[in-house]
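# Structural features, examined
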Amino acid sequence: MRKSARFCAAVLGVVLVASACSSGGASGGGGGDGSVRLSYAIWDNNQKKVLEELGREFTEEHPGVTVQVQLTPWPDYWNKLKTAVTGGSAPDVFWMNGPQFPLYASNGVIRPLDEEFAGDGVDLAAYPEPLRELYTYEGKLYGLPKDMDTVGVWYNKELFDARGVEHPSDDWTWSDFKNAAARLTDPGKGVYGTAAALTSFQEYQYNTIAQAGGYVVSPDGRKSGYDDPRTIEGLRFWTDLIERKQSPDLKTMTDTAPIQLFEAGKTAMYWGGSWNAGEFSANEYTKDRVDAAPLPRGAKRAGIIHGVANVVSAGTAHPREATEFVEFLGSEKAALAIGRSGPLPAREGTQEAWVKAHPQFTLTTFLDAVNYAVPFPVSKNTAAWNQAELTYLAQAWAGERPVGEASTALAAAMDDLLAEE
């Protein structure tokens, strides 16, 4: 994903004319008899069936318009989309995520939809404001949120009880979390209080940075926040856990992913997302042993929100029909169907089916997180500085460099990359 995003930055600007003037889209176009075929690109096979069903329902409401769902698994999705854009054959409608969005919006590859939404009476207030903000570029909204991800602390009730540690409360703090991590760490049994992962910024660093009052990138996308003392404090939250041996070291977490350690009972707490509900309910070890709690509060309460949005290609031959399909996918009917199939729907009032699908977990935790959510940090070429984050912060996670020094060096490198945007 990172390599394709960097390449897209170089090519998307020059392919805009080809994309915008394309008359067919990727296997879209008309059938010569007044019919309209819309192509719809996605990356999750688990959702393909329900989206095909929704496509048929859309056709029933819009006779003459058919939808072809095109599945490309995540590892190949962005490269294939880049190639389609370059060739002027982008899908009419496709999935977009936050890190990629500014690149596509700033290069005119996708259409702003806010005016049509307003004209069609779409109730944008039904979608979380931070998600709408995530898919807004230069004051224009380009995507309609389909589903959303929020973050909480999954914890092992059995390990908590065995060590006599109270289960997390709704108002617990950083101090409470650290105390619990210390008490839950059991070197004799090879159990750690938690795992301070490096590579999962959405679940880990971005949350504690926001909770400390820091920031990753300035709102105008020109300045890194990694030299801000509050940002550094948010990072130190994790490196302290490693230094105190209440988290595995970086090598251990590289060899065995933190989620695998949690599912084996080797860590008592796991910072994870709403998307983990399906996996934890299917896993034999976790299905009856774990539950979800809110993120602990730092200087303030905050948590990252992200989610997929449906967008319309600037080159579609059928902008009106494509926009109507996006609006249909954001409807209450579609959101309820999507929620029953697995993801947490973004539309307010449609999440009950998702919550009921895993009654053993306190999944309302992830709905409540919307109330203090902050958008996933992005810029025009997010992927470039995502790599820099890993390069510099790995030094602090490995204990090779003080976290403040590594973070300040990252800020300087990131500022140079942002200047290139």
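Quick caveat: nothing in here was measured; it's all calculated off a predicted structure.

Helix H15 (residues 332-341) packs onto helix H2 (residues 45-61) with a crossing angle of 160° between their chain directions and a minimal axis gap of 9 Å. Relative to H15, the element H2 lies roughly antiparallel. Considering only the axes of H2 and H15, their crossing is right-handed. Where H2 approaches H15, its residues Gln47, Val50, Leu51, Leu54, Glu57 and Glu61 are matched on the opposing element by Lys333, Ala334, Ala337, Ile338 and Ser341.

Turning our attention to the sheet that holds strand S9 (residues 269-273). Ordered in space as S9-S8-S10, the 3 strands form an open sheet in which the pairing is antiparallel. A strand with exactly one partner marks an edge of an open sheet, and here the two such strands are S9 and strand S10 (290-293). When strand polarity is set aside, the average angle formed by the axes of neighbouring strands in this sheet is 35°. Across 5 bridges, the pairing between strand S8 (residues 151-156) and S9 is antiparallel. The residue bridging glycine 152 from the neighbouring strand is glycine 272, located in S9. Here helix H8 (residues 174-184) sits on the sheet in contact with S8 and S9, set at roughly 130° to S9.

Next up on the list: unusual backbone geometry. With phi around 50°, glutamate 138 is a residue other than glycine that occupies positive phi space. Residue position: glutamate 138 is located in the loop between strand S5 (136-137) and strand S6 (140-141). The backbone of lysine 245 sits at a positive phi, close to 60°, despite the residue not being glycine. Inspection of the secondary structure assignment puts lysine 245 in the loop between helix H10 (229-243) and helix H11 (250-255). The exposure class assigned to lysine 245 is exposed, which follows from its relative accessible area of 61%.

With that settled, consider the packing of aromatic side chains. This model, assessed by the stated rule, comprises 32 aromatic pairs. A ring pair is formed by tryptophan 74 and tryptophan 78, whose centres lie 6.1 Å apart and whose planes are at 90°; its orientation type is edge-to-face. Here tryptophan 74 and its partner tryptophan 78 are both found in helix H3 (residues 74-86), 4 residues apart, which amounts to about one turn of the helix. For tryptophan 78, a relative accessible area of 2% translates into the label buried. Between tyrosine 206 and phenylalanine 376, the ring centres sit 5.4 Å apart and the planes meet at 90°, which makes this aromatic pair edge-to-face.

Before going further, it helps to spend a moment on the side chain of arginine 347. Structurally, arginine 347 is set in the loop between H15 and helix H16 (352-356). It turns out arginine 347 is buried and unbridged, and the closest side chain with the opposite charge, glutamate 332, is 5.2 Å from it. At a separation of 3.0 Å, a polar atom in the side chain of arginine 347 contacts the side chain of tyrosine 127. Filtering out sequence-adjacent residues up to four positions away, arginine 347 remains in contact with Ala126, Tyr127, Gly330, Ser331, Glu332 and Ala335.

A word on the pairing of strand S3 (residues 65-71). Across 7 bridges, the pairing between strand S2 (residues 36-42) and S3 is parallel. In the strand pairing of S3, tyrosine 40 is matched with valine 69. For the segment spanning S2, H2 and S3, crossover handedness is right-handed.

Among the surface-exposed residues, Asp170, Asp171, Asp176 and Asp368 lie close enough to one another that they form a single negatively charged patch. Take aspartate 171: it is sitting in the loop between helix H7 (157-162) and H8. For aspartate 171, a relative accessible area of 55% puts it in the exposed group.

Here S2 lies mainly inside the structure; 6 of its 7 residues are buried. Across 2 bridges, S2 lies against strand S4 (residues 93-96) in parallel orientation. Looking at the pairing, tyrosine 40 lines up with valine 93 of S4.

What follows concerns H10. The end-to-end C-alpha separation of H10 is 20 Å, in line with the 21 Å expected for 15 residues at 1.5 Å each. Of all the bends in H10, the greatest measures close to 30° and is centred on arginine 236. The elements touched by buried residues of H10 are H8, helix H9 (205-211), H11, S9, helix H18 (382-397) and helix H19 (403-420). For H10, the capping residue at the N-terminal end is aspartate 228, with a side-chain oxygen 2.8 Å from the backbone nitrogen of arginine 230. Phi turns positive one or two residues past the end of H10, at lysine 245, with a value near 60°.

Tyr40, Leu51, Trp154, Tyr226, Met269 and Trp397 are the most contacted members of the largest nonpolar core, which has 123 residues in total. Apart from the residues lying within four places of it in its own chain, the contact partners of tryptophan 397 are Ala196, Ala197, Leu198, Gln205, Leu235, Trp238, Thr239, Ile242 and Leu250.

This part takes up the environment of methionine 414. If you trace the backbone, methionine 414 turns up in helix H19. For the pair methionine 414 and valine 216, spaced 198 residues apart in sequence, the C-alpha to C-alpha distance is 9.9 Å. The residues contacting methionine 414, other than those within four sequence positions of it, are Val216, Val217, Ser224, Tyr226 and Trp385.

Time to look at the confidence of the model for the chain. Of all residues in the chain, 92% attain a pLDDT of 70 or more, and the chain-wide mean is 92. Note on residues 1-27: pLDDT under 50 across the span, and 62 contacts to partners over four residues away in sequence or across chains.

Thresholds, definitions, all that
Residues numbered from 1 in each chain as written. Predicted model: local features only at pLDDT ≥ 70, side-chain atom pairs only at ≥ 80, totals over all residues. Heavy atoms only, no water. Axes fitted to C-alpha atoms, helices over the stretch in contact; angles between N-to-C directions. Helix = DSSP H or I, 4+ residues; strand = E, 2+ residues; numbered from the N terminus. Parallel < 35°, antiparallel > 145°, perpendicular 65-115°, else oblique. Left-handed = near helix turned anticlockwise from the far one by under 90°. Contact = heavy atoms within 4.5 Å. Pairing = 2+ DSSP bridges. Buried < 20%, exposed > 50% of the residue type's maximum accessible area, 1.4 Å probe, protein only. Phe/Tyr/Trp six-rings, centres within 6.5 Å; stacked < 30°, edge-to-face > 60°. Lys, Arg positive; Asp, Glu negative; His and termini not counted. Salt bridge = Lys/Arg side-chain N within 4 Å of Asp/Glu carboxyl O. Polar contact = N/O pair within 3.5 Å; in protein donor to acceptor, adjacent residues only side chain to side chain. Right-handed = clockwise from strand over helix to strand, strands pointing away. Patch = residues over 30% accessible without salt bridge, like charges linked within 9 Å, V, L, I, M, F, W, Y side chains within 5 Å. Areas by Shrake-Rupley, 256 points an atom, 1.4 Å probe, with all protein chains shown as cover. Charge placed at Lys NZ, Arg CZ, Asp CG, Glu CD. Expected span 1.5 Å × (residues − 1). Bend = angle between axes of the 7 residues up to and from the residue. Core = buried A, V, L, I, M, F, W, Y, C linked by side-chain atoms within 4.5 Å. pLDDT = per-residue confidence, 0-100.

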